[in-house]
Amino acid sequence: MEDFKVFNADNFDKDVVFLNTIEDLYFLKEDIFQSLSKKNGDNFNVIIDHFITNGFSFNRFSILSFNGKDKSNSYIINPRDVPEQIKTQISFYLKENIDILEESSLPSSIKEFIKNSNN
């Protein structure tokens, strides 16, 4: 299984990369760039979902901006700026891939919440 999965939403101009691993984003940037630069060129922004490590906290989402392969920066964004359609897709993805959720560093209460949620 890859270390990330890309999600999209209708009428939303950015891809959302859900990290399937507790690995630091620094070590995944090159793979993310290789995967998305084919579609977006060398200069693009992508939203990163750190749910597996951060849960529902304020720093769940960040923007990763690429200016070529070797130059990038990131910053935290407000979770309200991410469409609910994406959050729902990720919730379904976790339910279908329960091993990712179980192997995460999330507290058991959050794991149970995701398993039992209706979306």
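Here we summarise the structure given alongside this text.

Rules of the game
- Along each chain, the written sequence defines residue order, and numbers are assigned to residues from 1.
- Given that this is a predicted model, residues contribute local features only at a pLDDT of at least 70 and side-chain atom pairs are listed and counted only at 80 or more, while totals for whole chains, interfaces and linings are drawn from all residues.
- In computing side-chain values, all of the structure's heavy atoms are included and hydrogens and water are not.
- Counting from the N terminus, the helices are the DSSP runs of H or I reaching at least four residues and the strands are the DSSP runs of E reaching at least two.
- The classification of residues rests on relative accessible area computed with a 1.4 Å probe and restricted to protein chains. Under 20% of the type maximum is buried, over 50% is exposed, and intermediate values are partly exposed.
- Whenever two N or O atoms come within 3.5 Å, that pair is a polar contact, provided that in protein one can donate a hydrogen and the other can accept it, and provided that, for residues adjacent in sequence, both atoms are side-chain atoms.
- Two residues form a contact once any of their heavy atoms are found within 4.5 Å.
- Counted as salt bridges are all cases of a side-chain nitrogen of Lys or Arg within 4 Å of a carboxyl oxygen of Asp or Glu.
- By convention a nonpolar core is built from buried Ala, Val, Leu, Ile, Met, Phe, Trp, Tyr and Cys residues, the set being connected through side-chain atoms within 4.5 Å.

1. Some thoughts on the environment of Lys-38
1) Next: Note on placement: Lys-38 falls in helix H1 (residues 29-40).
2) Next: Linking Lys-38 and Ile-114, residues 76 residues apart in sequence, is a C-alpha distance of 33 Å.

2. Digging into the side chain of Asp-15
1) Next: Residue placement: Asp-15 occurs in the loop between strand S1 (4-7) and strand S2 (16-19).
2) Next: The class for Asp-15 is buried, based on a relative accessible area of 5%.
3) Next: A polar contact of 2.3 Å, which involves the side chain of Asp-15, links it to the side chain of Asn-8.
4) Next: A distance of 2.7 Å separates a polar atom in the side chain of Asp-15 from a polar atom in the side chain of Lys-39.
5) Next: In contact with Asp-15, other than residues within four places in its own chain, are Val-6, Phe-7, Asn-8, Leu-36, Lys-39, Asn-40, Val-46 and Ile-47.

3. Digging into the pattern of salt bridges
1) Next: Here the structure, examined in full by the defined rule, presents six salt bridges.
2) Next: Salt bridges here are not isolated pairs; linked through shared partners, they connect Glu-102, Glu-112 and Lys-115.

4. Details of the nonpolar core
1) Next: Counting 20 residues, the largest nonpolar core has Phe-7, Phe-18, Ile-47, Phe-51, Ile-86, Ile-90 and Leu-94 as the members making the most contacts within it.
2) Next: In contact with Ile-86, other than residues within four places in its own chain, are Phe-7, Asn-8, Ala-9 and Val-16.

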